[in-house]
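Examining the three-dimensional arrangement
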Amino acid sequence: KNEVEQSPQNLTAQEGEFITINCSYSVGISALHWLQQHPGGGIVSLFMLSSGKKKHGRLIATINIQEKHSSLHITASHPRDSAVYICAVDGTDKLIFGTGTRLQVFP
Amino acid sequence: EAGVVQSPRYKIIEKKQPVAFWCNPISGHNTLYWYRQNLGQGPELLIRYENEEAVDDSQLPKDRFSAERLKGVDSTLKIQPAELGDSAVYLCASSASGATEAFFGQGTRLTVV
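Here the structure is a predicted model, which is why all the values come from computation and not from measurement. (Residues numbered from 1 in each chain as written. Chains lettered and ligands numbered in written order. Predicted model: local features only at pLDDT ≥ 70, side-chain atom pairs only at ≥ 80, totals over all residues. Heavy atoms only, no water.)

Turning our attention to the interface of chain B and chain A. Counting residues at the interface gives 19 residues for chain B, matched by 19 residues for chain A. Summed over both sides, the interface of chain B with chain A buries roughly 1400 Å², with 53% coming from carbon and sulfur. Remark: the boundary between chain B and chain A carries 0 salt bridges. Where chain B touches chain A, the interface holds 1 residue pair in polar contact (both at pLDDT 80 or more). At the level of elements, strand E4 (31–37) and strand E5 (44–50) of chain B are the ones that each hand at least two residues to the side of chain B that touches chain A. Of the residues assigned to the side of chain B that touches chain A, the class counts are 7 nonpolar, 7 polar and 5 charged. (Contact = heavy atoms within 4.5 Å. Buried area = accessible area lost by both parts, 1.4 Å probe. Salt bridge = Lys/Arg side-chain N within 4 Å of Asp/Glu carboxyl O. Polar contact = N/O pair within 3.5 Å; in protein donor to acceptor, adjacent residues only side chain to side chain. Helix = DSSP H or I, 4+ residues; strand = E, 2+ residues; numbered from the N terminus. Nonpolar A, V, L, I, M, F, W, Y, C, P; charged D, E, K, R; others polar.)

Turning our eyes to something else, we now look at the side chain of glutamine 6 of chain B. All names here are of chain B. Along the chain, glutamine 6 falls in strand E1 (residues 5–7). Of the polar contacts made by the side chain of glutamine 6, one reaches the backbone nitrogen of cysteine 92; its length is 2.9 Å. A polar side-chain atom of glutamine 6 sits 3.0 Å from the main-chain amide nitrogen of glycine 107. If near-sequence neighbours (up to four positions away) are discounted, glutamine 6 is found in contact with Trp22, Cys23, Trp34, Tyr90, Leu91, Cys92, Gly105, Gln106, Gly107 and Thr108.

In C-alpha coordinates form, the structure reads like this:
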(Lines give C-alpha, C1' and ligand atoms only; values in the text may rest on other atoms or scores of the structure.)
Protein backbone atom coordinates (compact mmCIF):
# COMPACT_ATOMS: atom_id res chain seq x y z
CA LYS A 1 0.00 0.00 0.00
CA ASN A 2 1.32 3.44 -0.92
CA GLU A 3 2.06 5.80 1.92
CA VAL A 4 0.26 8.58 0.04
CA GLU A 5 -2.98 7.78 -1.76
CA GLN A 6 -4.84 10.17 -4.02
CA SER A 7 -8.33 9.95 -5.42
CA PRO A 8 -9.60 10.03 -8.00
CA GLN A 9 -6.80 9.07 -10.38
CA ASN A 10 -8.57 10.73 -13.28
CA LEU A 11 -11.16 13.46 -13.24
CA THR A 12 -13.13 15.08 -16.03
CA ALA A 13 -15.19 18.20 -15.48
CA GLN A 14 -17.12 20.85 -17.36
CA GLU A 15 -15.97 24.41 -17.12
CA GLY A 16 -17.41 26.08 -14.05
CA GLU A 17 -17.74 22.93 -11.96
CA PHE A 18 -16.48 22.67 -8.38
CA ILE A 19 -13.70 20.09 -8.16
CA THR A 20 -12.33 18.16 -5.20
CA ILE A 21 -9.20 16.02 -5.15
CA ASN A 22 -8.44 13.95 -2.07
CA CYS A 23 -5.21 12.83 -0.46
CA SER A 24 -4.77 10.36 2.39
CA TYR A 25 -1.48 9.44 3.99
CA SER A 26 -0.35 6.86 6.50
CA VAL A 27 2.89 8.33 7.88
CA GLY A 28 3.67 11.08 10.33
CA ILE A 29 4.30 14.33 8.55
CA SER A 30 5.46 17.84 9.25
CA ALA A 31 3.75 19.33 6.20
CA LEU A 32 1.73 18.44 3.14
CA HIS A 33 2.16 19.91 -0.33
CA TRP A 34 -0.16 20.24 -3.27
CA LEU A 35 1.67 20.48 -6.57
CA GLN A 36 0.53 21.12 -10.14
CA GLN A 37 2.17 19.62 -13.19
CA HIS A 38 1.22 20.62 -16.72
CA PRO A 39 1.94 18.28 -19.65
CA GLY A 40 5.59 18.59 -20.61
CA GLY A 41 6.16 21.09 -17.86
CA GLY A 42 7.76 21.16 -14.50
CA ILE A 43 6.07 21.07 -11.15
CA VAL A 44 4.66 24.14 -9.47
CA SER A 45 4.03 24.26 -5.75
CA LEU A 46 0.44 25.35 -5.03
CA PHE A 47 0.24 25.00 -1.27
CA MET A 48 2.23 23.87 1.71
CA LEU A 49 0.03 23.03 4.70
CA SER A 50 0.64 21.89 8.22
CA SER A 51 -2.84 22.60 9.59
CA GLY A 52 -6.19 24.12 8.73
CA LYS A 53 -6.94 25.69 5.40
CA LYS A 54 -5.31 27.89 2.79
CA LYS A 55 -6.84 29.76 -0.13
CA HIS A 56 -5.23 31.19 -3.23
CA GLY A 57 -7.52 32.53 -5.89
CA ARG A 58 -9.89 29.77 -6.93
CA LEU A 59 -7.87 27.11 -5.12
CA ILE A 60 -8.52 25.99 -1.57
CA ALA A 61 -6.55 23.37 0.34
CA THR A 62 -7.52 21.84 3.65
CA ILE A 63 -5.83 19.36 5.91
CA ASN A 64 -7.07 17.27 8.84
CA ILE A 65 -4.03 16.07 10.76
CA GLN A 66 -6.01 13.70 13.01
CA GLU A 67 -7.62 11.96 10.04
CA LYS A 68 -4.43 12.17 7.91
CA HIS A 69 -6.39 13.59 5.03
CA SER A 70 -6.19 16.63 2.79
CA SER A 71 -8.36 17.98 0.02
CA LEU A 72 -7.68 20.36 -2.83
CA HIS A 73 -10.71 22.23 -4.15
CA ILE A 74 -10.99 24.22 -7.35
CA THR A 75 -13.95 26.56 -7.62
CA ALA A 76 -15.31 27.68 -11.00
CA SER A 77 -12.97 25.35 -12.87
CA HIS A 78 -11.49 26.45 -16.18
CA PRO A 79 -9.83 24.53 -19.04
CA ARG A 80 -6.49 26.05 -18.04
CA ASP A 81 -6.79 24.15 -14.76
CA SER A 82 -6.24 20.94 -16.73
CA ALA A 83 -3.12 19.37 -15.27
CA VAL A 84 -1.92 16.64 -12.96
CA TYR A 85 -2.31 17.51 -9.29
CA ILE A 86 0.12 15.79 -6.96
CA CYS A 87 -0.07 15.47 -3.20
CA ALA A 88 3.24 15.12 -1.38
CA VAL A 89 3.98 14.80 2.33
CA ASP A 90 7.08 15.68 4.30
CA GLY A 91 8.10 12.42 5.88
CA THR A 92 11.44 11.86 7.58
CA ASP A 93 13.92 13.92 5.57
CA LYS A 94 12.16 13.47 2.27
CA LEU A 95 9.01 14.16 0.31
CA ILE A 96 6.72 11.21 -0.36
CA PHE A 97 4.59 11.71 -3.45
CA GLY A 98 1.19 10.43 -4.44
CA THR A 99 0.72 9.21 -8.01
CA GLY A 100 -1.27 12.28 -8.97
CA THR A 101 -4.77 13.08 -10.17
CA ARG A 102 -5.15 13.89 -13.85
CA LEU A 103 -7.76 16.64 -14.28
CA GLN A 104 -9.28 17.62 -17.59
CA VAL A 105 -11.69 20.54 -17.72
CA PHE A 106 -13.68 20.92 -20.91
CA PRO A 107 -15.26 24.15 -22.14
CA GLU B 1 14.64 35.81 -9.72
CA ALA B 2 15.16 32.75 -11.90
CA GLY B 3 13.77 29.48 -10.62
CA VAL B 4 15.42 26.10 -10.82
CA VAL B 5 16.92 25.73 -14.28
CA GLN B 6 17.42 22.39 -15.93
CA SER B 7 18.88 21.45 -19.27
CA PRO B 8 18.29 19.97 -21.69
CA ARG B 9 14.49 19.96 -21.73
CA TYR B 10 14.36 16.91 -23.97
CA LYS B 11 16.86 14.21 -24.84
CA ILE B 12 16.56 11.20 -27.09
CA ILE B 13 19.39 8.68 -27.07
CA GLU B 14 20.00 5.11 -28.11
CA LYS B 15 20.32 2.49 -25.42
CA LYS B 16 23.83 1.91 -24.08
CA GLN B 17 24.75 5.53 -24.73
CA PRO B 18 25.65 7.92 -21.90
CA VAL B 19 23.56 10.95 -21.01
CA ALA B 20 23.91 13.83 -18.58
CA PHE B 21 21.47 16.30 -17.11
CA TRP B 22 22.31 19.63 -15.57
CA CYS B 23 20.59 21.57 -12.82
CA ASN B 24 21.13 25.08 -11.53
CA PRO B 25 19.22 25.55 -8.24
CA ILE B 26 17.78 28.76 -6.88
CA SER B 27 20.54 30.97 -5.56
CA GLY B 28 21.19 30.35 -1.88
CA HIS B 29 19.40 27.00 -1.74
CA ASN B 30 21.66 24.51 -0.03
CA THR B 31 19.46 21.46 -0.56
CA LEU B 32 19.20 19.95 -4.03
CA TYR B 33 17.15 16.94 -5.10
CA TRP B 34 17.08 14.79 -8.20
CA TYR B 35 13.83 12.94 -8.87
CA ARG B 36 12.77 10.50 -11.56
CA GLN B 37 9.15 10.48 -12.67
CA ASN B 38 7.81 7.64 -14.75
CA LEU B 39 4.69 8.13 -16.81
CA GLY B 40 1.60 8.22 -14.63
CA GLN B 41 3.58 8.09 -11.42
CA GLY B 42 4.65 10.56 -8.78
CA PRO B 43 8.30 11.63 -8.60
CA GLU B 44 10.76 9.23 -6.97
CA LEU B 45 13.74 10.60 -5.10
CA LEU B 46 17.09 9.56 -6.55
CA ILE B 47 19.49 11.66 -4.50
CA ARG B 48 19.49 14.58 -2.09
CA TYR B 49 22.39 16.94 -1.52
CA GLU B 50 23.07 19.24 1.39
CA ASN B 51 25.60 21.60 -0.11
CA GLU B 52 28.11 19.33 -1.86
CA GLU B 53 27.39 16.27 0.28
CA ALA B 54 25.03 13.54 -0.89
CA VAL B 55 23.02 12.81 2.26
CA ASP B 56 20.49 10.40 0.77
CA ASP B 57 21.34 8.36 -2.32
CA SER B 58 19.67 5.13 -1.24
CA GLN B 59 17.39 5.07 -4.31
CA LEU B 60 20.09 5.88 -6.85
CA PRO B 61 20.95 2.87 -9.05
CA LYS B 62 24.66 3.18 -8.52
CA ASP B 63 25.70 0.69 -11.17
CA ARG B 64 24.77 3.12 -13.92
CA PHE B 65 23.75 6.40 -12.30
CA SER B 66 26.06 8.97 -10.82
CA ALA B 67 25.62 12.51 -9.61
CA GLU B 68 27.82 15.30 -8.46
CA ARG B 69 27.40 18.73 -7.00
CA LEU B 70 30.75 20.39 -7.11
CA LYS B 71 31.06 23.56 -5.04
CA GLY B 72 27.58 22.94 -3.66
CA VAL B 73 25.75 24.83 -6.40
CA ASP B 74 25.08 23.27 -9.83
CA SER B 75 24.57 19.57 -10.12
CA THR B 76 24.81 16.98 -12.86
CA LEU B 77 23.12 13.60 -13.04
CA LYS B 78 24.64 11.03 -15.38
CA ILE B 79 23.46 7.70 -16.70
CA GLN B 80 25.98 5.39 -18.32
CA PRO B 81 24.97 3.27 -20.07
CA ALA B 82 21.31 4.16 -20.51
CA GLU B 83 18.69 1.43 -20.70
CA LEU B 84 15.23 1.49 -22.23
CA GLY B 85 13.69 1.55 -18.75
CA ASP B 86 15.45 4.81 -17.95
CA SER B 87 12.98 6.70 -20.14
CA ALA B 88 11.33 9.14 -17.76
CA VAL B 89 11.26 12.78 -16.71
CA TYR B 90 14.17 13.74 -14.48
CA LEU B 91 13.29 16.57 -12.13
CA CYS B 92 15.61 18.73 -10.11
CA ALA B 93 14.41 20.66 -7.07
CA SER B 94 16.01 22.88 -4.48
CA SER B 95 15.12 24.27 -1.09
CA ALA B 96 16.68 26.46 1.55
CA SER B 97 18.23 24.66 4.52
CA GLY B 98 15.67 23.94 7.19
CA ALA B 99 12.78 24.82 4.87
CA THR B 100 10.37 22.20 3.67
CA GLU B 101 9.09 23.88 0.51
CA ALA B 102 10.95 22.72 -2.54
CA PHE B 103 10.99 24.48 -5.90
CA PHE B 104 11.09 22.33 -9.00
CA GLY B 105 12.67 22.78 -12.39
CA GLN B 106 10.91 22.09 -15.68
CA GLY B 107 12.44 18.65 -15.89
CA THR B 108 14.34 16.80 -18.59
CA ARG B 109 12.31 14.30 -20.57
CA LEU B 110 14.59 11.40 -21.50
CA THR B 111 13.62 8.90 -24.17
CA VAL B 112 15.88 5.90 -24.65
CA VAL B 113 15.33 4.06 -27.92
